[in-house]
Every structure is written in structure tokens, then in C-alpha cells.
Amino acid sequence: MYNYIKALHIIFIVTWFSGMFYIVRLFIYNTEAEEKSGPEKPVLRSQFDIMIRRLWLGITWPSAVLTLIFGPWVWIMMGSTPRWLAIKLVFVVGLYIYHFTLHYIYRQQSRGIFKYSSQQLRIWNEVATLFLFAIVFVAVVKQGLSVIWGLAGLIVLGVLLMTAIRIYKKVRASKSRE
């Protein structure tokens, strides 16, 4: 039974992360549609509103809830809380906080409020990547994980992601000038 519950936990983690990665992309596109003028703006906004609502309420939220059901169930079946799991749970709490920030942005955009630029949202999208790396490494490497090397790896990954975003911004700006 343990392996079936663990498999379901992993499946819903994957769908939850997929939803979080894609929802921010849709937030970016929706923000960029808001900046347009003319007849395409309402058409794009209407379509993105539908896509965002269906993804967020139909996939991402249910996956977050089911992850929260199956995760503790696996933990209870383990019968203990090893050190690596305690570390993973800290990242999981952070991930749920991140999820709630996405819900805040979802509610804002559904009301037509666009507080964040597409560039800020691109950066925010990478926070999920950092959580993904941290959680997977802790869950797979377990006791062999060095906290110092793990944090150093996350910092390096963060720097690489931010560098990639800056490069993308420059490439996009140079293409728009052509």
C-alpha cells in the first residue's frame, strides 16, 4: 500500500509543479496583453482569463490539496521523521507559501489589477525551480546531503537562472529594435 500512496503523492507533486510553472507563464502573457492597444487586447485578455481560471482552479489547486493529503499519509506510513524529511518539509512549507503568492496574483489579475511587470513575473517564476531542485535533491540524496553544499548549489542555480533571465531580456530587446 505504501508504494501506491507514494506514487500518488509523486503524481500530484508533478501536476502541482506543472500548474505553478504554467500559471506564471499565463500571468506573463496576460500582463503583456494588458499592455496592448486595439481590438486584440480584449480578445487576448478574455482567452487568458479562461485559461488561467481553468488551470488554477481545475488543476493546480486540486493537485496542491491532493499533495497535502498524500504527503502526510506517506509520512505516517514511514513511522518516523528522519532529518532529511524535516529539511524537505521546510522547503514544502515555503512552496505552499509560494503557491499562496500565486493565488494572490491570480486574484489580482482576475480583477484586472496588474501590479507586476512581465519581467518581475519571469523572475518570480524561477522561485518554483529553486523549490523543485531543493525538494528533489533532499528527497533523493537524503542522509548524504550536505547542507552547506546544498545551499551553495541553490545559490549557484539562482545566479544562473537570474543571468539567463537577463540574457533573455537583452536578446528580446535587441530583436524588438530590429
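In this text, all values refer to a predicted model and were calculated from it rather than measured experimentally. (Residues numbered from 1 in each chain as written. Predicted model: local features only at pLDDT ≥ 70, side-chain atom pairs only at ≥ 80, totals over all residues. Heavy atoms only, no water.)

Turning to the nonpolar core, a few remarks are in order. Within the largest apolar cluster, 25 residues are counted, with the highest numbers of intra-cluster contacts made by I23, F27, L95, Y98 and L102. Among the elements of the structure, α1 (2-34), α2 (40-78), α3 (83-110) and α4 (118-141) are those that each provide at least two residues to this core. In terms of residue count, the dominant contributor to this core is α1 (9 residues). Among all residues touching F27, those that are not within four sequence positions of it are I52, L102, I105, Y106, Q109 and L121. (Core = buried A, V, L, I, M, F, W, Y, C linked by side-chain atoms within 4.5 Å. Buried < 20%, exposed > 50% of the residue type's maximum accessible area, 1.4 Å probe, protein only. Helix = DSSP H or I, 4+ residues; strand = E, 2+ residues; numbered from the N terminus. Contact = heavy atoms within 4.5 Å.)

Looking at the protein as a whole, the pLDDT averages 90, with 94% of positions reaching at least 70. Between the elements of the protein, mean pLDDT differs from a low of 76, seen in helix α5 (residues 147-177), to a high of 96, seen in α1. (pLDDT = per-residue confidence, 0-100.)

Where α1 meets α4, the axes come as close as 9 Å, and the angle between the chain directions of the two elements is 175°. As far as their axial angle goes, α4 and α1 are roughly antiparallel. Here F17, M20, F21, V24, R25, F27, I28, T31 and E32 of α1 come into contact with α4, specifically with S118, L121, R122, N125, A128, T129, F131 and L132. For the contact of α1 with α4, the class distribution of residues is 10 nonpolar, 4 polar and 3 charged. (Axes fitted to C-alpha atoms, helices over the stretch in contact; angles between N-to-C directions. Parallel < 35°, antiparallel > 145°, perpendicular 65-115°, else oblique. Nonpolar A, V, L, I, M, F, W, Y, C, P; charged D, E, K, R; others polar.)

This next bit is on the packing of aromatic side chains. Enumeration over the complete set of coordinates arrives at 12 aromatic pairs. Consider the rings of W16 and F17, whose centres lie 6.2 Å apart with planes at 50°: the pair is tilted. For the pair W16 and F17, one class covers both residues: buried. With 6.4 Å between their ring centres and 80° between their planes, W56 and W61 make a pair best called edge-to-face. (Phe/Tyr/Trp six-rings, centres within 6.5 Å; stacked < 30°, edge-to-face > 60°.)

Turning our eyes to something else, we now look at α4. A turn of α-helix holds 3.6 residues, and therefore any two residues three or four places apart point the same way. The end-to-end C-alpha distance of α4, which contains 24 residues, comes to 35 Å, matching closely the 34 Å that a straight helix rising 1.5 Å per residue would cover. Looking one or two places after α4, you find K142, whose phi comes out positive at around 55°. (Expected span 1.5 Å × (residues − 1).)

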